[in-house]
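Each chain, letter by letter, is given below.
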Amino acid sequence: MKTAFLFNQDCTLHDMGAHHPESPRRLQAIRERLNQTGLLQELDEVTPQEADRNCLLAVHPDSYIKNLEELDPAEGMIMVDPDTALMNCSMRAAYLAAGAAVEATDMVMSGQADTAFCAVRPPGHHAERNRTMGFCFFNNIAVAARRALDFHALERVAIIDFDVHQGNGTIDIFLDDPRVLVCSSFEYPLYPFSHHSVDRPNIINTPLEAYSKGSSFKRAVERDWFHQLQDHKPQLILVSAGFDAHKDDPLAHLEFEEKDYRWITRMLKEVADAYGHGRIVSMLEGGYNLEALASSAAAHIEVLAGKD
Ligand SMILES: [Zn+2]
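These figures come from a predicted structure and were not determined experimentally.

Calculation notes
- Residues numbered from 1 in each chain as written.
- Predicted model: local features only at pLDDT ≥ 70, side-chain atom pairs only at ≥ 80, totals over all residues.
- Heavy atoms only, no water.
- Donors = N, O, S within 2.8 Å, 3.2 Å for Na, K, Ca; no water.
- Buried < 20%, exposed > 50% of the residue type's maximum accessible area, 1.4 Å probe, protein only.
- 1 Å grid on protein atoms, 1.4 Å probe; cavity = no way out; pocket = protein on both sides within 12 Å on 5 of 7 lines; lining within 4 Å.
- Points joined across faces, edges and corners; volume = space filled by probe spheres on them.
- Nonpolar A, V, L, I, M, F, W, Y, C, P; charged D, E, K, R; others polar.
- Salt bridge = Lys/Arg side-chain N within 4 Å of Asp/Glu carboxyl O.
- Helix = DSSP H or I, 4+ residues; strand = E, 2+ residues; numbered from the N terminus.
- Axes fitted to C-alpha atoms, helices over the stretch in contact; angles between N-to-C directions.
- Parallel < 35°, antiparallel > 145°, perpendicular 65-115°, else oblique.
- Left-handed = near helix turned anticlockwise from the far one by under 90°.
- Contact = heavy atoms within 4.5 Å.
- Expected span 1.5 Å × (residues − 1).
- Pairing = 2+ DSSP bridges.

Draft legend 1. Representation of the coordination of the zinc ion within the structure. Only Asp 163 (OD), His 165 (ND1) and Asp 244 (OD) from the protein coordinate the zinc ion, and they sit 2.0 to 2.1 Å from it. Linear spacing of the donor residues for the zinc ion on their chain is D-x1-H-x78-D. Residue Asp 163 shares its accessibility class with His 165, and that shared class is buried.

Written out as structure tokens, the structure reads:
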């Protein structure tokens, strides 16, 4: 079983300041942990390149992309939303993160890899079609989904988002596209406070109360996602892998542990094996306690790689 690990050092150039939780050190923490445990050496490490603009245009309007590019400052930072700053390296990192989505999808679809994890930032799942939000510029997982549908001619994919925040951007983008089943679990009430009351058969919102533990998550997933996944029969599983539902994360109040990330990953592998030749592309979203992020991501990747 081959698992690709996509990482480009230039994703760490985007730096919103020493006190910003979405820090370049997040990627370093994950990669260092994989290196220390020896797992990195068992993965196929790939350096992704920038996404082709056409791949972004499948998800965002041309005017939105142009607007971000035109804002791109020569020096200093521009706040593009109350939580999100853009500096001159940000677009390079954002294009690389979206490029990883394309490359990982191509690798998994061509059989070069069975599964893939993209250690990228900026994250993507809050970016709506036409709106930068919550540390996100381009919706990376949506770029992966459209690549699978448009270029690889798949008919059905599923996006599983277990970040502690709802994947409002992903929901916004696929609201009227029944080829894409979006299952999002999240603490509620909590940011982003949008797209919560969406009523579409392909959008499954799974809110969890503050202080919910992994056992509640498991029950909710079994209740809300199992039969939907069985009915949809996704030919590819895409994961918005945020690890900020961990009990030590500073930005939210859920109480997941590493074993819960192992459990959900195993469950997704079973679904992928049943309907999608085992194909999974997972992309980093949130996770802001570096220790918890590193150990949770390592647990997830270990299961993705079949080492667990
Ligand atoms: Zn999050």
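Draft legend 2. Molecular detail of empty space enclosed by the protein. Counted by the stated rule, this structure contains one cavity of 30 Å³ or more. In terms of lining, the largest cavity is formed by Gln 166, Phe 186, Glu 187, Tyr 188, Leu 190, Pro 192, Phe 193, Ser 194 and His 196. For the lining of the largest cavity, the residue count by class is five nonpolar, three polar and one charged.

Draft legend 3. Representation of the pattern of salt bridges within the structure. Counting across every chain of the model gives 22 salt bridges. For Glu 22, the salt bridge identified is with Arg 26, shortest N-O distance 2.8 Å. Classification of Glu 22 by relative accessible area gives buried; the value is 0%. A relative accessible area of 0% places Arg 26 in the buried class. Its salt-bridge partner being Lys 307, residue Glu 42 comes within 2.8 Å of it at the nearest N-O pair. Of this pair, Glu 42 sits in the loop between helix H1 (25-37) and strand S2 (44-46) while Lys 307 sits in the segment after helix H10 (290-304), and the two are 265 residues apart along the sequence.

Draft legend 4. Spotlight on the packing of helix H4 (residues 90-110) against helix H5 (residues 140-151). Interaxial distance between H4 and H5 falls to 8 Å at its minimum, and their mutual angle equals 40°. Taken together, the axes of H4 and H5 are oblique relative to one another. H5 is crossed by H4, and the crossing has right-handed handedness. Contacts between H4 and H5 involve Ala 94, Ala 97, Ala 98, Ala 101, Val 102, Thr 105 and Asp 106 on the former and, on the latter, Asn 140, Val 143, Ala 144, Arg 147, Ala 148 and Phe 151. Taken together, the residues that form the contact of H4 with H5 break down as nine nonpolar, two polar and two charged.

Draft legend 5. Just H5, in detail. With 12 residues, H5 ought to run about 16 Å at 1.5 Å a step, and its terminal C-alpha atoms sit 16 Å apart, in line with that. Buried residues dominate H5, accounting for nine of its 12 residues. Listed in full, the buried residues belonging to H5 are Asn 140, Ile 141, Ala 142, Val 143, Ala 144, Ala 145, Arg 147, Ala 148 and Leu 149. Just past H5, the residue Ala 153 takes up positive phi, approximately 60°.

Draft legend 6. Seen up close, the sheet that holds strand S6 (residues 157-161). Reading across the sheet, the eight strands line up as S2-S1-S5-S10-S9-S6-S7-S8 and stay open at both edges, with parallel pairing between neighbours. One side of each edge strand has no neighbouring strand; the edge strands of this open sheet are S2 and strand S8 (203-208). The average angle at which neighbouring strand axes cross in this sheet is 15°, direction not considered. Sheet topology places S6 next to strand S7 (residues 180-187); five bridges connect them, and they run parallel. Considered in S7, the bridge of Ile 159 is made with Val 182. Together, S7 and S8 form the strand contacts of helix H7 (residues 214-224), whose direction differs from that of S8 by roughly 155°.

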